[in-house]
Amino acid sequence: MLTKKQYQLLLLIRDRMNRDGVAPSFDEMKDALQLKSKSGIHRLITSLEERGFLRRLAHKARALEVLKLPDAATDRPAASFAPNVIPGNFGISGASAKTSSPAETVELPLYGKIAAGTPIEALRNPTEHIGVPAGLLGGGEHYALTIDGDSMIDAGINDGDTVLIKRCDTAENGSIVVALVDNEEATLKRLRRKGESIALEPANKSYETRIFGPDRVKVQGKLVGLYRRY
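A few points on the structure. (Residues numbered from 1 in each chain as written. Predicted model: local features only at pLDDT ≥ 70, side-chain atom pairs only at ≥ 80, totals over all residues. Heavy atoms only, no water.)

## Some details on the overall build of the protein
For the protein, the helix and strand inventory stands at four helices and 13 strands. Buried positions account for 46% of the 230 residues belonging to the protein. Taking as baseline every contact in the protein between residues at least 6 positions apart, the subset at least 24 positions apart corresponds to 63%. Here the protein has roughly 12,000 Å² of accessible surface; of this, 48% comes from carbon and sulfur atoms. (Helix = DSSP H or I, 4+ residues; strand = E, 2+ residues; numbered from the N terminus. Buried < 20%, exposed > 50% of the residue type's maximum accessible area, 1.4 Å probe, protein only. Contact = heavy atoms within 4.5 Å. Areas by Shrake-Rupley, 256 points an atom, 1.4 Å probe, with all protein chains shown as cover.)

Structure below.
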């Protein structure tokens, strides 16, 4: 799941490299995405690189390699992309999601807040439920969490967002997961395996990656979707 800007930048780089054989400059990227500074482009490229969509080639100016595209990528212009964010009215206990789709909804338990910056206590009993279109989730058991913090903002996850989590105890390298640390702290981070160790990476340069032994971290679920209230 990419943010709109991440998706637009990835397609811009791909299209320019297909046409000219070289990636656009940071100034060209900034202008194309209507950003105010090149630092925003740097953050987007870093986020795409962390998520395995893009790779920077060392010792070469403007040398980027597009490794893959999200499933939603087609030949349509990037401006037509709609991010996988479903506005919902989840502030009221028992409220169903307000969407234009006639799809059947599933009530998910909302387990309160989870830190996307500093780990907090392990998940407790659900405080309320939210309605989610069944087609968004796929198979398996799911639950929802409200984000408290800004350490995943470069992955498009903001303070106050509600994330949809598929319950599981394993995840692919690079996935964004709910991780339980030392059986008492839960946090939402990107999972990286480094030899015998496990790294929990933020998507915000203001926070440091934390590295643990494999017996200290348990995966509680994997990110599959996002609700945002405007």
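## Notes on the packing of aromatic side chains
Enumeration over the complete set of coordinates arrives at one aromatic pair. Centre to centre, the rings of Y111 and Y143 are 5.3 Å apart; their planes meet at 90°, and the pair counts as edge-to-face. Of this pair, Y111 sits in strand β4 (residues 105-115) while Y143 sits in strand β7 (residues 142-148), and the two are 32 residues apart along the sequence. Each member of the pair Y111 and Y143 is classed as buried. If you follow K68 out to its NZ or CZ, it ends over the ring of F53, 4.8 Å from the centre. (Phe/Tyr/Trp six-rings, centres within 6.5 Å; stacked < 30°, edge-to-face > 60°. Lys NZ or Arg CZ within 6 Å of the ring centre and 35° of its normal.)

## Some words on the nonpolar core
Formed by 18 residues in total, the largest nonpolar core has its most connected members in L145, I157, V163, I165 and L188. At the level of elements, β4, β7, β8 (162-166), β9 (176-181), β10 (185-194) and β13 (217-227) are the ones that each hand at least two residues to this core. Counting residues in each nonpolar core, the second largest holds 14 residues, with L10, I13, A23 and L48 among its members. (Core = buried A, V, L, I, M, F, W, Y, C linked by side-chain atoms within 4.5 Å.)

## Brief notes about the packing of helix α1 (residues 4-20) against helix α2 (residues 26-33)
Between α1 and α2, whose axes approach to 11 Å, the crossing angle comes to 130°. With respect to α2, the element α1 is oriented oblique. Crossing geometry of α1 relative to α2 is assigned as right-handed. Contacts from K5, Q8, L9, L12, I13 and R16 of α1 reach α2 at E28, M29, A32 and L33. Class assignment of the residues belonging to the contact of α1 with α2 gives a composition of six nonpolar, one polar and three charged. (Axes fitted to C-alpha atoms, helices over the stretch in contact; angles between N-to-C directions. Parallel < 35°, antiparallel > 145°, perpendicular 65-115°, else oblique. Left-handed = near helix turned anticlockwise from the far one by under 90°. Nonpolar A, V, L, I, M, F, W, Y, C, P; charged D, E, K, R; others polar.)

## Some points on the packing of α1 against helix α3 (residues 38-50)
Viewed as axis vectors pointing N to C, α1 and α3 meet at an angle of 85°, and their least axial separation amounts to 10 Å. What the angle tells us is that α1 and α3 run roughly perpendicular. Together, K5, Q6, L9 and L10 of α1 and I41, L44, I45, S47 and L48 of α3 make up the contact between the two elements. Looking at side-chain class alone, the contact of α1 with α3 contains six nonpolar, two polar and one charged residues.

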